[in-house]
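The residues making up each chain are set out below.
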Amino acid sequence: MDNDFGRISWDHYFLKMAFLASERSTCLRRHIGAVIVMNNQVLSTGYNGACSGIKDCRELGCLREQISSGERHELCRAVHAEQNAIIQAAAHGTAIRGATHRKGHIHLLDVRLTR
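So, on to the confidence of the model for the chain. Taken over all residues, the pLDDT of the chain has a mean of 80, while the share at 70 or more is 84%. Contacts from residues 106–115, a stretch scored under 50 in pLDDT, to residues over four places away or in other chains number 22 contacts.

On to helix α1 (residues 10–22), then. Relative to the 18 Å expected for 13 residues at 1.5 Å per residue, α1 spans 18 Å between its end C-alpha atoms, a close match to the ideal helical length. Considered for burial, the residues of α1 that qualify are Phe14, Leu15, Ala18, Ala21 and Ser22. Buried residues of α1, viewed axially, fall in a sector of 115°; they line one side.

Right, let's talk about the pairing of strand β1 (residues 31–38) for a bit. Counting buried positions along β1 gives 6 out of 8 residues, so the element sits mostly inside the fold. Taken together, the 6 bridges between β1 and strand β2 (residues 41–47) define a ladder with antiparallel strand orientation. Of the residues in β2, the one forming a bridge with valine 37 is valine 42. Between β1 and β2, which pair antiparallel and follow one another directly, the connecting turn spans 2 residues, one of which, asparagine 39, has a positive phi of 50°.

This brings us to the pattern of salt bridges. For the coordinates displayed, the defined rule picks out 1 salt bridge. Between aspartate 56 and arginine 58 there is a salt bridge, and its shortest N-O distance comes to 2.9 Å.

Right, let's talk about the side chain of asparagine 84 for a bit. Considering the arrangement of structural elements, one finds asparagine 84 in helix α3 (residues 81–91). Among all residues touching asparagine 84, those that are not within four sequence positions of it are Thr45, Gly46, Tyr47, Gly49, Ala50, Cys51 and Val79.

Let us now look at the packing of aromatic side chains. The full count for this structure, using the stated rule, is 3 aromatic pairs. A centroid spacing of 5.7 Å and a plane angle of 20° characterise the contact between tryptophan 10 and phenylalanine 14, whose relative ring orientation is stacked. You can see tryptophan 10 and its partner phenylalanine 14 sitting in helix α1, 4 residues apart, about one turn around the helix. The class for tryptophan 10 is partly exposed, based on a relative accessible area of 46%. Through pairs of rings, three or more aromatic residues link up here, namely Trp10, Tyr13 and Phe14.

Along the chain, threonine 26 falls in the loop between α1 and β1. Not counting the four nearest positions on each side in its chain, threonine 26 is found in contact with Tyr47, Asn48, Gly49, Ala50, Asp56, Cys57 and Arg58.

Rules behind the numbers
Residues numbered from 1 in each chain as written. Predicted model: local features only at pLDDT ≥ 70, side-chain atom pairs only at ≥ 80, totals over all residues. Heavy atoms only, no water. pLDDT = per-residue confidence, 0-100. Contact = heavy atoms within 4.5 Å. Helix = DSSP H or I, 4+ residues; strand = E, 2+ residues; numbered from the N terminus. Expected span 1.5 Å × (residues − 1). Buried < 20%, exposed > 50% of the residue type's maximum accessible area, 1.4 Å probe, protein only. Arc of directions from axis to C-beta. Pairing = 2+ DSSP bridges. Salt bridge = Lys/Arg side-chain N within 4 Å of Asp/Glu carboxyl O. Phe/Tyr/Trp six-rings, centres within 6.5 Å; stacked < 30°, edge-to-face > 60°.

Written as structure tokens, this is what we have:
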């Protein structure tokens with residue numbers, strides 16, 4: 001726990017939400033989630049993967065399967081979790097100016113939360 005009362009901090013709370021959002025990822029290589037927050041209120045969430053309505057790697061296979069990490073980023077169906085969170089906010093008319101974001105990242109068995 002992050003304080004004497006047994007409650008986690010706001011940052012920890014939103015990081016956990018980003019981690020949970022990452023579990024919706026359609027990427028076969030990495031699962032990343034993002035949460036956009038203002039004044040301790042969630043405005044939008046997103047995860048990495050193909051945009052809504054586009055076939056994803058689960059259906060079509062990974063374009064990057066034979067490409068080394070860090071190379072040829074243009075060969076990917078997915079958009080970043082932060083991009084999807086922004087797209088979702090815009091699609092629902094939610095203003096996010098001045099907001100912050102938290103990102104949760106899962107890579108293989110290595111789990112880490114970053115800000």
